[in-house]
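Close look at the chain arrangement
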Amino acid sequence: MRYFLDMTDGGPFAIQMTSLLTDEQLMVQVARGEAAAFRQLAGRHLNRAYAIALRLLHNREDAEEVSQEAISRVWQKAVGFDSARSAFGTWFYRIVTNAALDRLRRRKVPAENLDDHAERLSDTGPTGEDLRIQADEARRIKQAISILPVTQQMALTLVYYEDFPQAEAARIMNITTGALESLLFRAKKTLKQSLKPTS
């Protein structure tokens, strides 16, 4: 929906009302080649796409590339998007997770050392005993998650870190809700075992 003060060419007074539109309505505009609608969608979804990719890839540069690749595909494949088949978010986050999985399959070198990753994410200010314990626990959890099968990592990321409802996470992963619940159950069981304190 556009409102113009200068109706001859849109001029410098064109006002975009895209913030009031749904993702699906914006996709109709993107399919027509409207860059402003594309920027609006990117603004809404790029940070979450990056967060999902980072949790799956454990590498900031790879996560940036995957999220940029995914948002580029939105522009390229906008004409083929069918809102009757799936919501934009489900479609887009499936692109993100598939691109992250492709990246994992192509990797020739192992993922970066989790200790190095955890150190970069930890607080750089003065640390006390409590902060050291929290950092150690976070490192243990990240390490335990990183050895889970990728599908279990993806299920945990979508449901617990990105707060997708299970039904939507299942659609993103292109599996049934029952299969997602099974992945989550197995992941939690494995994590509980691997994080059990040793005596």
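Below you will find a few notes about this structure.

Brief notes about the overall build of the protein chain
Of the regular secondary structure elements, the protein chain holds nine helices and two strands. Ordered by position from N to C terminus, the α and β elements of the protein chain give β-β-α-α-α-α-α-α-α-α-α. Within the protein chain, counting contacts between residues at least 6 apart in sequence, those at least 24 apart form 58% of the total. Working note: accessible area of the protein chain is about 11,900 Å², and carbon and sulfur atoms make up 53% of it.

Some remarks on unusual backbone geometry
The backbone phi angle of Asp 163 is positive, close to 60°, even though this residue is not glycine. Phi angles above zero are rare outside glycine, and Asn 174 is one such case at about 60°. Structurally, Asn 174 is set in the loop between helix H8 (166-173) and helix H9 (177-194). On the basis of relative accessible area, Asn 174 is assigned to the exposed category, the value being 60%.

Quick notes on the packing of helix H7 (residues 150-161) against H8
Orientation of H7 relative to H8, taken along the N-to-C sense of each, is 140°, at an axis distance of 9 Å. Of the possible angle classes, the one that applies to H7 and H8 is oblique. In the packing of H7 onto H8, the handedness of the crossing is right-handed. Residues Thr 151, Met 154, Ala 155, Leu 158 and Val 159 of H7 lie in contact with H8, whose contacting residues are Gln 166, Ala 169, Ile 172 and Met 173.

A closer look at the packing of helix H4 (residues 88-106) against H8
At a closest axis distance of 8 Å, the pairing of H4 and H8 adopts a crossing angle of 55°. Accordingly, the angle class assigned to the pair H4 and H8 is oblique. Where H4 crosses over H8, the two elements pack in a sense that is right-handed. Taking contact as the criterion, the partners of Gly 89, Thr 90, Tyr 93, Arg 94 and Thr 97 in H4 are, on H8, Glu 168, Arg 171 and Ile 172. Among the residues making up the contact of H4 with H8, the classes are represented as two nonpolar, three polar and three charged.

Some points on helix H3 (residues 60-77)
Think of an α-helix as turning once every 3.6 residues; residues three or four places apart then point the same way. Its 18 residues give H3 an end-to-end C-alpha distance of 25 Å, which sits within 8% of 26 Å, the value for a rise of 1.5 Å per residue. Of all the residues in H3, the buried ones are Asp 62, Ala 63, Val 66, Ser 67, Ala 70, Ile 71 and Val 74. Burial along H3 is one-sided: seen end-on, the buried residues are contained in an arc of 160°. Opposite its buried face, H3 presents the exposed residues Glu 61 and Gln 76, each directed more than 90 degrees away. Looking at the buried side of H3, the elements it contacts are helix H1 (23-31), helix H2 (35-57) and H4. The backbone nitrogen of Glu 61 lies 3.0 Å from a side-chain oxygen of the residue at the head of H3, namely Asn 59.

Brief notes about the environment of Gly 89
Relative to the helices and strands, Gly 89 resides in helix H4. Classification of Gly 89 by relative accessible area gives buried; the value is 10%.

What to know about the nonpolar core
One finds Met 27, Val 74, Phe 88, Phe 92, Tyr 93, Leu 158 and Leu 180 to be the most contacted residues of the largest nonpolar core, which totals 48 residues. Residue assignment for this core shows that the elements contributing at least two residues are H1, H2, H3, H4, helix H6 (129-146), H7, H8 and H9. Sorting elements by how many residues they give to this core places H2 first, with 10 residues. Residues within four places of Met 27 in sequence aside, it is in contact with Leu 41, Val 74, Ala 78, Phe 81, Phe 88 and Trp 91.

Observations concerning the side chain of Glu 168
Turning to its location among the elements, Glu 168 is positioned in helix H8. Although Glu 168 is buried, it makes no salt bridge; Arg 171 carries the closest opposite charge, 4.9 Å away. In contact with Glu 168, not counting residues within four places along its chain, are Gly 89 and Thr 90.

The rules behind the values
- Residues numbered from 1 in each chain as written.
- Predicted model: local features only at pLDDT ≥ 70, side-chain atom pairs only at ≥ 80, totals over all residues.
- Heavy atoms only, no water.
- Helix = DSSP H or I, 4+ residues; strand = E, 2+ residues; numbered from the N terminus.
- Contact = heavy atoms within 4.5 Å.
- Areas by Shrake-Rupley, 256 points an atom, 1.4 Å probe, with all protein chains shown as cover.
- Buried < 20%, exposed > 50% of the residue type's maximum accessible area, 1.4 Å probe, protein only.
- Axes fitted to C-alpha atoms, helices over the stretch in contact; angles between N-to-C directions.
- Parallel < 35°, antiparallel > 145°, perpendicular 65-115°, else oblique.
- Left-handed = near helix turned anticlockwise from the far one by under 90°.
- Nonpolar A, V, L, I, M, F, W, Y, C, P; charged D, E, K, R; others polar.
- Expected span 1.5 Å × (residues − 1).
- Arc of directions from axis to C-beta.
- Polar contact = N/O pair within 3.5 Å; in protein donor to acceptor, adjacent residues only side chain to side chain.
- Core = buried A, V, L, I, M, F, W, Y, C linked by side-chain atoms within 4.5 Å.
- Lys, Arg positive; Asp, Glu negative; His and termini not counted.
- Salt bridge = Lys/Arg side-chain N within 4 Å of Asp/Glu carboxyl O.

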